[in-house]
Amino acid sequence: MAINRHEMERLIPSLRRFARGLTGDAQAADDLVQDALWRALRKERQFRGDNLAAWLFAILANGARAEVRSRRRQPTVGPLIDTADGGTDPASRIGILSALASLEAEHREVLLLTAVEGFTYRETAEIVGVPIGTIMSRLARARDELARRLDGAPIVPVRRVK
């Protein structure tokens, strides 16, 4: 099945935002997105189904995990610039970003996919390559840890599985 190039192009901002959340570095994120898009185009014949976004996010997530393994150290996550609302209170935004950066990579990945990118639990499980129960537990741990680091501030609930 051929990949819809226009759909792929439309997904680039979301892919970049996700990659920036994983890496914390704009340049590394752009490299990760470029590599994911290159791999997708190169392996276009392997695309099965109608969910191009999930397929591309899975390629990007796998590339990010491979990069972390190759460096054999936890990546440092810096500030995220591309946020959904642009951030209204700078102090609050800095606190949230700092708390997000302190999460374990697997918890941060699941939180970014569900809360920021809007994927369902099922889609996130497909992207990450783990059972849906693992997604749910990682997300619960991520939310609990964020709440703890933000001194009990309320965490915006994420989408439920449909």
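Preceding block: the structure.
Residues numbered from 1 in each chain as written. Predicted model: local features only at pLDDT ≥ 70, side-chain atom pairs only at ≥ 80, totals over all residues. Heavy atoms only, no water.

Our focus in this paragraph is the overall build of the protein. Within the protein one finds seven helices and zero strands. The N-to-C order of helical and strand elements in the protein reads α-α-α-α-α-α-α. Summed over its atoms, the accessible surface of the protein is roughly 9,400 Å², and 52% of this surface lies on carbon and sulfur atoms. (Helix = DSSP H or I, 4+ residues; strand = E, 2+ residues; numbered from the N terminus. Areas by Shrake-Rupley, 256 points an atom, 1.4 Å probe, with all protein chains shown as cover.)

The next thing to look at is the packing of aromatic side chains. Under the definition given, this model contains three aromatic pairs. Considering the side-chain rings of Phe-57 and Phe-119, the 4.7 Å spacing of their centres and the 70° angle between planes classify their relative orientation as edge-to-face. Of this pair, Phe-57 sits in helix α3 (residues 52-71) while Phe-119 sits in the loop between α5 (105-116) and α6 (121-128), and the two are 62 residues apart along the sequence. Classification of Phe-57 as buried rests on a relative accessible area of 1%. The class for Phe-119 is buried, based on a relative accessible area of 7%. (Phe/Tyr/Trp six-rings, centres within 6.5 Å; stacked < 30°, edge-to-face > 60°. Buried < 20%, exposed > 50% of the residue type's maximum accessible area, 1.4 Å probe, protein only.)

Okay, the nonpolar core next. Core analysis: the biggest nonpolar cluster contains 41 residues, and Leu-15, Phe-18, Leu-52, Trp-55, Leu-56, Leu-60 and Ile-127 have the highest contact counts within it. Every element with two or more residues in this core is listed here: α1 (5-23), α2 (26-42), α3, α4 (90-102), α5, α6 and α7 (132-149). No other element matches the eleven residues that α3 contributes to this core. Among residues more than four places away in sequence, those in contact with Ile-127 are Ala-54, Phe-57, Ala-58, Ala-61, Arg-65, Leu-113 and Phe-119. (Core = buried A, V, L, I, M, F, W, Y, C linked by side-chain atoms within 4.5 Å. Contact = heavy atoms within 4.5 Å.)

What follows deals with α1. The end-to-end C-alpha distance of α1 is 25 Å, a good match for the 27 Å that 19 residues give at a rise of 1.5 Å each. Along α1, the sharpest change in direction is near 40° and occurs at Ile-12; proline Pro-13 comes one to four residues later. Every buried residue belonging to α1 is among Met-8, Leu-11, Ser-14, Leu-15, Phe-18, Ala-19, Arg-20, Gly-21, Leu-22 and Thr-23, and all of these are buried. The N-terminus of α1 is capped by Asn-4, whose side-chain oxygen sits 2.9 Å from the backbone nitrogen of His-6. (Expected span 1.5 Å × (residues − 1). Bend = angle between axes of the 7 residues up to and from the residue. Polar contact = N/O pair within 3.5 Å; in protein donor to acceptor, adjacent residues only side chain to side chain.)

This brings us to the side chain of His-107. Turning to its location among the elements, His-107 is positioned in helix α5. For His-107, a relative accessible area of 9% gives the class buried. Once residues within four sequence positions are removed from consideration, His-107 is found in contact with Arg-138, Arg-141 and Ala-142.

Let us look at the pattern of salt bridges. The final tally for this structure, using the stated rule, is nine salt bridges. In this structure, Arg-39 and Asp-35 form a salt bridge, with 2.8 Å as the shortest nitrogen-oxygen distance. Here Asp-35 and Arg-39 lie together in helix α2, a separation of four residues that amounts to about one turn. Owing to a relative accessible area of 35%, Arg-39 belongs among the partly exposed residues under this scheme. Across the pair Glu-145 and Arg-149 runs a salt bridge whose closest N-O atoms are separated by 2.7 Å. Placement of both Glu-145 and Arg-149 in helix α7 is noted, with a separation of four residues, approximately one turn of the helix. Its relative accessible area of 21% is what places Glu-145 among the partly exposed residues. Given a relative accessible area of 38%, Arg-149 falls into the partly exposed group. (Salt bridge = Lys/Arg side-chain N within 4 Å of Asp/Glu carboxyl O.)

On their own, these measurements won't tell you what the molecule is for.
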